[in-house]
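Survey of secondary and tertiary structure
Here is what each chain is made of, one letter per residue.
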Amino acid sequence: MAEVTVKQLAESVGAPPERLLKQMEEAGLPQRGLEDAVTEEQKQTLLTYLKTAHGQVAEGPKKITLKRKTVSTLRTDRGRGKAVAVEVRKKRTYVKRDTTEAAVPESAESELARLKAEEAEREAQRQAAELERRAEEERRKAEAAAKAEAEAKAKAEAEAQAQAAAAKAPAEPSTAPVSEEEARRAAAAAIVDAEAATVKSEKRGGKPAKRHDDDRARKGRRMDDDGPGRDGGRGKRAGTLSRDRLAERKRRAAPKGMPKTQGFERPTEMVARDIEVPEAISVGELAQRMSVKAGDAIKKLMGMGVMATINQVLDQDTAILLVEEFGHRAKTVASDAIEQEYFESLKIEGEGKPRAPVVTVMGHVDHGKTSLLDYIRKTRVASGEAGGITQHIGAYYVDTGHGAVSFLDTPGHAAFTAMRARGAKLTDIVILVVAADDGVMPQTEEAVAHARAADVPIVVAVNKIDKEGADPQRVKTELAGRDVVPDEWGGDTQFVHVSAMTGEGIDALLEALLLQAELLELTAVEDAPGQGSVVESRLDRGRGPVATVLVRNGTLRKGDFIVAGEHYGRVRAMVNDAGENVDQALPSYPVEILGLSGTPDAGDEFSVVENERGAKELVEFRRSRSQEARIKQQQAARLDSLFDNMGEGEKPTINLVLKTDVRGSLEALIAAVGELSNDEVKVKVVSSGVGGINESDANLAVASGAVVLGFNVRADASAKKIIEREGLDLRYYSVIYELLDDLKDALSGMLAPELREEIVGIAEVRDVFRSPKFGAVAGCMVTEGTIYRSKKIRVLRDNVVIYEGELESLRRFKDDVQEVRNGFECGIGVRNYNDVREGDKIEVFDVKEIARSL
């Protein structure tokens, strides 16, 4: 067919030209005007687009589904019990490409016209169905209203007839005297007639009368006709029952105008809703959100080729496909949406007020950090600490007279790196304590690095200046070499000379702190929900989980619901650093709180939430996320070490059950113990926690063959009983380096000893003799050391080892001897080796085992 214009093509297919032009533009054709020419190829392109738009892709695959059902019988209790019918359903889908639809139509115009006609026909059918549905609905409503009106009218007529019949009997004049018994029978008959009239009116109203009511009416008439006699009493009772039944009918009669049919009608169309789909959701929960049965959701999944149970977790893509299968709209939700919503609620608006600075005391072990803080607080904390060293963070609020300051005292031992880093992040100012007689040490350098990483200003306190050998100038020089330059040398760091024993320079140190705080312009909003950080936590036997928290913003009050890491709870009590109960904590105020569900990790953020429900949801989400992370980490570790461990023997391993008093000490010990492992020996912490050693810990140690270590905690009676019965190793410690030293000694004993060779003698072969008993016998001269018969030997030729073995015989003259010293001749027979030649050397050596240490 020749080329035609867009206008001609529209007339031939019977479509509006503007609509056809728009469809050609959507199909990607270049035509933009009604007079543009259209080729046969472009017609085919337009036809393919229209088919695709109407869901009639010719090249699409078709499928056929076969279903098969078999029923069998299964008997329980090995064939002797009850028979149970088992139905097995199988479904298989075959996909086949249809080659007939791929044929090119003879005429593009006719095909386009056919598609237009089909579309118009479908639209007409849809409109007709909609009109029919509406007409049917109107008809049902009219029938229900007419039926209700007829029933109400019939009820009214029946009641009127009954009342007229009841009033008729006494109103009629009587010419003859009537006995009392005849009057009673007449009244009963009138009531029965009224009831019969009611039944007839119900029949006219469309309600079928009950057969037993008619039978009762007939019996009543027979009783009335019989008159007085032996059945007279029954007739009296029948009249009484008829009156009661009529009264009951009147009470049960529905009000006029009320329809008898139910007003609810099932929706004729499915209501599509927006369904929130997270990254992972169970089948049951997704079905509940879609308001469908879980069984229907499982059937849909089976149709999609996914075999799932009600509790199985679906990924987001599969869940979206299932939602769309039910006709709903899927709305993806981020996995941490609840966390994001929580952080949005933490934003505090308001006018900030000046707050006290938070100062962390850092430095090397035994440089006097706690003693310096004791002098400021007028307490004696250092004397009560195990080993005289701090092993967890202590938080104190001090009113110095120059101003209020919150102090954090951190450990200086090498094992507490994580605690020092956490203390630097929680603080506003760092006091770096350096002993004037000791100078800069490893933990001093580490404290400087932590302060620099947290971008916190440093105030250096040069301590112990009252001791002999104190050299403050040396401290300044060493710190200046590590980029901590004194302000008097042109730097930005204040250096203060102090003595924690005499109190010298303490006032100057406090003034330096408050001057630095003024430069920082520290502010906080008090009239807001409390927020802050967990400094330390522990499990108290009498009070339960106890957490030391530092409020950074807002106000924490007694009775507030808080979330701290993976734990939540209501604040039941708050205790300050002096042991006093308080009702609220303002910014920069450290307190101990009771009421949490567990011991949060040190460094976790805490905040006040509105209610317990929101706190519980957030905590459950965090726990599930951390559990998934742990599982992934364990799987990755197993995969990474799978090939590394192949072909290797089992490493000697020490299993530990570790319990400590506070969370910070537990973290430090686990990190320090992990560093003791190497390629030959391994330390494995099978269980760890905060609190005393209980029966569960002892049972776990029995099952895993572990050593039980308690750091500032003790075992209870039940745990001691199990440990004594099973012969477990239980050890208590109060100083961390003692625990680490014992572990090092134990691991050193498990290391394979080092084998070291020592040459004890050398003999030179001067001649070779043949012996029928020993073969080749070398006549030798001992040139170095001593030749021993029981030790191993090597044969060297031109200083190259050609054989290694043992001696068969060692003789001097004709006597067997055990050793021959330097300078003597001897005869040597080498076991299983006869190629000894003149000029060879026989080297005797000994292998010694040397114990190794970590």
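What you are looking at is a predicted structure, and each value in this text was computed from that prediction instead of being measured. (Residues numbered from 1 in each chain as written. Predicted model: local features only at pLDDT ≥ 70, side-chain atom pairs only at ≥ 80, totals over all residues. Heavy atoms only, no water.)

Check the secondary structure of the protein chain and you find 21 helices and 38 strands. Put simply, the protein chain has 854 residues, and 38% of those count as buried. Within the structure as shown, the protein chain displays about 50100 Å² of accessible surface, and the carbon and sulfur contribution to it stands at 49%. (Helix = DSSP H or I, 4+ residues; strand = E, 2+ residues; numbered from the N terminus. Buried < 20%, exposed > 50% of the residue type's maximum accessible area, 1.4 Å probe, protein only. Areas by Shrake-Rupley, 256 points an atom, 1.4 Å probe, with all protein chains shown as cover.)

Another point: the sheet that holds strand β28 (residues 707-711). The sheet built from four strands is open, its strands ordered β27-β26-β28-β29 with parallel pairing. At either end of the open sheet lies a strand with only one pairing partner, and these are β27 (682-690) and β29 (730-733). Strand-to-strand twist of the sheet, defined as the mean angle between neighbouring strand axes without regard to direction, takes the value 25 degrees. Judged from the four bridges that link them, β28 and β29 form a sheet pairing that is parallel. Note that in β29 the partner of G710 across the bridge is Y732. (Pairing = 2+ DSSP bridges. Axes fitted to C-alpha atoms, helices over the stretch in contact; angles between N-to-C directions.)

Another point: the nonpolar core. Counting residues in each nonpolar core, the largest one holds 25 residues, and the members touching the most others are L372, F407, I431, L509 and L513. Of all the secondary-structure elements, those providing two or more residues to this core are β10 (358-363), α12 (369-377), β11 (394-399), β12 (404-409), β13 (429-435), β14 (458-463) and α16 (506-520). When residues of this core are assigned to their parent elements, the largest contribution, seven residues, is made by α16. What L372 contacts, discounting residues up to four positions off in sequence, is V433, A461, V498, A500, I506 and L509. L658, V673, L739 and L740 belong to the second largest nonpolar core, which has 20 residues in total. (Core = buried A, V, L, I, M, F, W, Y, C linked by side-chain atoms within 4.5 Å. Contact = heavy atoms within 4.5 Å.)

What follows is about helix α21 (residues 736-750). With 15 residues, α21 ought to run about 21 Å at 1.5 Å a step, and its terminal C-alpha atoms sit 22 Å apart, in line with that. For α21, the full list of buried residues reads I736, L739, L740, L743, L747 and S748. Its buried side turned inward, α21 meets β26 (653-660), α18 (663-674), β27, β28 and β29. (Expected span 1.5 Å × (residues − 1).)

Tallying each qualifying case throughout the model produces two aromatic pairs. Both rings, one in Y397 and one in Y589, keep their centres 4.7 Å apart while their planes meet at 45 degrees; by these two values the pair is tilted. You can see Y397 sitting in strand β11 and its partner Y589 sitting in the loop between β23 (584-585) and β24 (590-596), a full 192 residues away along the chain. On the basis of an interplanar angle of 10 degrees and a centroid distance of 4.7 Å, the ring pair of Y803 and Y833 is categorised as stacked. Remark: Y833 occurs in the loop between β37 (825-830) and β38 (841-850) and Y803 occurs in strand β34 (residues 800-812); sequence separation between them is 30 residues. Comparing Y803 with Y833 shows no difference in burial state: the two are buried. If you follow K300 out to its NZ or CZ, it ends over the ring of F326, 5.5 Å from the centre. Above the ring of Y788, the side-chain terminus of K791 is found at 5.4 Å from the ring centroid. (Phe/Tyr/Trp six-rings, centres within 6.5 Å; stacked < 30°, edge-to-face > 60°. Lys NZ or Arg CZ within 6 Å of the ring centre and 35° of its normal.)

Positive phi values are uncommon outside glycine, yet K464 reaches one of about 60 degrees. When you line up the elements, K464 lands in the loop between β14 and α15 (472-480). Here S588, not a glycine, exhibits a phi torsion of approximately 70 degrees, which is positive. Inspection of the secondary structure puts S588 in the loop between β23 and β24.

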